[in-house]
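Next come the chains, spelled out residue by residue.
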Amino acid sequence: MTEVTLNTLFDALREWRDAGWIRSIDLAFVEFLQQAGETRSEVLLAALCASHEAGRGHTSIDINALQNEPESALNLPPENRYSPSCETPSELFRQFGTDVEAALTQSHCVDVDGKGNQPLVLSGGKLYLRRYWQYEAFIESDLQTRMSDRPVTNDELLKSTLAKLFDKPDGDKTEEINWQRLACANTVRNRFSVITGGPGTGKTYTVARLLTALQHQTLFLGLPPLRVSLAAPTGKAAARLTESIESELNRLRGDAKLATLKDALDVIKPEGKTLHRLLGVKPNSRAFKHHADNPLRTNVVIVDEASMIDIEMMTALLKATPKNARLVLIGDKDQLASVEAGAVLGNLCEGADEGHYHTETAQWLQQVADTPEFPGDLIDESGEQRLQHVVKFRKSYRFKGPIADLANAINQQNNTATKQELEKAKNADKDYPVSLYEISSLDDPAFEALIRRSLTLHVRNDADKTTDANNINDIAQEALQNLSNFQILTALREGPWGVKAVNQKVGDILGVNANTWYEGRPVMVTKNDYGLKLNNGDIGLTFKDPEHGYLRVAFPDQTNKSENKGVRWVLPSRLTHIETVYAMTVHKSQGSEFKHTVMVLPDHDSPVLSKELLYTGITRAKEQLSLVGTKLFSQGGKGV
């Protein structure tokens, strides 16, 4: 390719960068390849796209999709950033990328068999940055090893234990598969397993019983109690996991029918940690203290909210987890994947809706879990090995009613049912759990009324109560808990319906500048701060010191509840990566639930509005859901 042609390509790519279509690092990567001697425009353009996709959370780019539908494959131009000076992806591929796959196979920068050290890998019609290809190859190999090795179990003991832990209430004569009981049996049987299900299906309810069954197996053999590690991607999710398991364990300990399991119940001491804390993060490094050469000292690792785990974190987790330990991933496969590259849980659970269980797997589970016969449509002798380790919960015990009906209709991509649910909400009275606010902009009086009705500057039960040094921790803890009563979620970060605009508008309604420090300001940490022991996603609330009058920010602290009553104080001047959080993106809300969730949707069709995003946002609502947008509901929910 001539130097003139390459200059034309790079001029176009710089226009993309300047318009915010791609990152500077994407362009720098392509410039690096050019300096390494790559002159094929097809290779350079495809490499840029692979880097761009990694920034969007994808580990690879499909070459056929890239060649035939580049705008859709790349989501370019991005939301609210159309630029008339930029050539479209289709235009660039017509000029510079006529036969991409052939050019890639001939490039010295591309590895086509995975055995070299080139920066790009072409495999299965997809182009990877080598790092992500290595992650995928390692995960596949490691999980295959774990799935091929089973721990020793006492099946009869397990069967009797599960019968006690999942005893039917008196008078319950239903004959249906108890998927929670099956999940316990499957997890005890295997070194690697996945439990997936939507909200209210009893995932943490099951974990408490799983831990009891595992400890009972071990103590029965006269062995020391199992060392158990509980983790989640965020601090809030880890705290919820701990509290949910502890609550369920207390119920089990108080059940006289479980007296024979008392020893197993008493040795369980749940303490959830963030994945970063579990693995031992090294400050200013991507490496962890625990790895293949220094694994965790544990027998069981259970990770909740696993949909948020990206491919790099999954690799680190597998390296740090001993091969002879049990690893259990728990989460909702239908939620949004991680912001970073790799949809680990979604990929592991692909096909789980249809079961694909081998007859041997189904018969063992039926026998040990003492459950009815599997339906024939869940049996598949050619089902993949990974699906023998996955149990999907198929019944919701808590998440029911109009909010659940709308979420399920969207998740199933049932447009008719979605329109019906929206129509019900449109015509319902004010006490209906789902409400619609069709507004032209955030300046609409209806939006202001919604905010004033639902949100106050000080989220305290008794705002008139005088604070002093003796009660400030109690008041702060109460206010932090109250933050989960109401939360605004947005699909976008930028634009008139994005999180920044909504936070600014809410501040205006409350009479404060949302971007400055003031008493009552809620903030979210946006980058891990290992010095302060704060994680990305942690939420705090600003208070005035009752003795000295300066501002301090209270964060939940699970590490020393007896001394500080679960509150850690940080000066605002030490918080360098935070943002006001009256509103947060749906991505940031994962792992949390709110009594009243307000979901603000953009005023136009957007590639961001996937069923996963809508489902995730709606399922954050426990009691009340308010959908806010313009022209989204007037035609029966076209925008939803």
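Residues numbered from 1 in each chain as written. Predicted model: local features only at pLDDT ≥ 70, side-chain atom pairs only at ≥ 80, totals over all residues. Heavy atoms only, no water.

A. Seen up close, the UniProt feature "binding site: ATP" (unreviewed entry) in the protein. UniProt marks G197, G198, P199, G200, T201, G202, K203 and T204 with the feature "binding site: ATP" (unreviewed entry), using the numbering shown here. In this fold, P199 is placed in the loop between β5 (192-196) and α11 (203-220). Judged by relative accessible area, which is 13%, P199 ranks as buried. Not counting the four nearest positions on each side in its chain, P199 is found in contact with D332, S396, R398, F399, Y615 and T619. (UniProt positions renumbered as here; feature names shortened; annotations may be inferred. Helix = DSSP H or I, 4+ residues; strand = E, 2+ residues; numbered from the N terminus. Buried < 20%, exposed > 50% of the residue type's maximum accessible area, 1.4 Å probe, protein only. Contact = heavy atoms within 4.5 Å.)

B. The sheet that holds strand β11 (residues 434-438), seen in detail. The strand order β11-β20-β19-β12-β18 describes an open sheet built from 5 strands, whose pairing is parallel. Each end of this open sheet is capped by a strand with a single partner; those strands are β11 and β18 (583-585). Along the sheet, successive strands turn relative to each other by an average axial angle of 25°, direction set aside. Sheet topology places strand β12 (residues 486-490) next to strand β19 (residues 594-600); 5 bridges connect them, and they run parallel. (Pairing = 2+ DSSP bridges. Axes fitted to C-alpha atoms, helices over the stretch in contact; angles between N-to-C directions.)

C. Spatial organisation of the packing of helix α9 (residues 155-165) against α11. For the pair α9 and α11, the least separation of the axes is 10 Å and the interaxial angle reads 145°. By crossing handedness, the relation of α9 to α11 is classed as right-handed. Across the interface between the two elements, L157, L158, T161 and L165 of α9 pack against R209, T212, A213, H216, Q217 and F220 of α11. Of the residues contributing to the contact of α9 with α11, the split by class is 5 nonpolar, 4 polar and 1 charged. (Left-handed = near helix turned anticlockwise from the far one by under 90°. Nonpolar A, V, L, I, M, F, W, Y, C, P; charged D, E, K, R; others polar.)

D. Up close: the pattern of salt bridges. Going through the model one piece at a time under the given rule, you end up with 32 salt bridges. With a closest N to O distance of 2.7 Å, R56 and E53 form a salt bridge. The exposure class of R56 is partly exposed, given its relative accessible area of 32%. Given a relative accessible area of 3%, E53 falls into the buried group. (Salt bridge = Lys/Arg side-chain N within 4 Å of Asp/Glu carboxyl O.)

E. How the structure looks around the environment of K333. With respect to the helices and strands, the residue K333 is situated in the loop between β9 (326-331) and α16 (344-348). Residue classification places K333 among the buried residues on the basis of a relative accessible area of 14%. Between the alpha carbons of K333 and S41 there is a distance of 38 Å; along the sequence they are 292 residues apart. Beyond its immediate sequence surroundings of up to four residues, K333 is in contact with T196, L345, G346, C349, D353 and K392. A polar atom in the side chain of K333 sits 3.1 Å from the side chain of D353. (Polar contact = N/O pair within 3.5 Å; in protein donor to acceptor, adjacent residues only side chain to side chain.)

F. A look at the sheet that holds β9. Taken in spatial order, the 6 strands make up an open sheet running β7-β6-β8-β9-β5-β10, and their pairing is parallel. Each of the sheet's edge strands pairs with one partner strand only, and the pair in question is β7 (272-274) and β10 (390-392). Across the sheet, the mean angle separating the axes of adjacent strands is 20° when strand polarity is ignored. Across 3 bridges, the pairing between β5 and β10 is parallel.

G. Structural context of the domain arrangement of the protein. Domain assignment breaks the protein into domain 1 (1-140), domain 2 (149-166 + 176-392), domain 3 (400-464 + 481-514 + 582-639) and domain 4 (516-580). At the junction of the two partners, domain 3 supplies 13 residues and domain 4 supplies 12 residues. Buried area between domain 3 and domain 4, summed over both chains or domains, comes out near 1,200 Å², and the portion from carbon and sulfur atoms is 58%. Looking at the side of domain 3 facing domain 4, the largest losses of area belong to L483, Y582 and K588, adding up to 36% of the total buried there. Here domain 3 is connected to domain 4 by 1 salt bridge. (Domains from an automatic or database assignment. Buried area = accessible area lost by both parts, 1.4 Å probe.)

H. Examining the environment of A417 more closely. Within the fold, A417 resides in helix α19 (residues 415-427). Overall, the relative accessible area of 19% leaves A417 in the buried class. Note: C-alpha distance between A417 and D405 (12 residues apart in sequence) is 8.5 Å.

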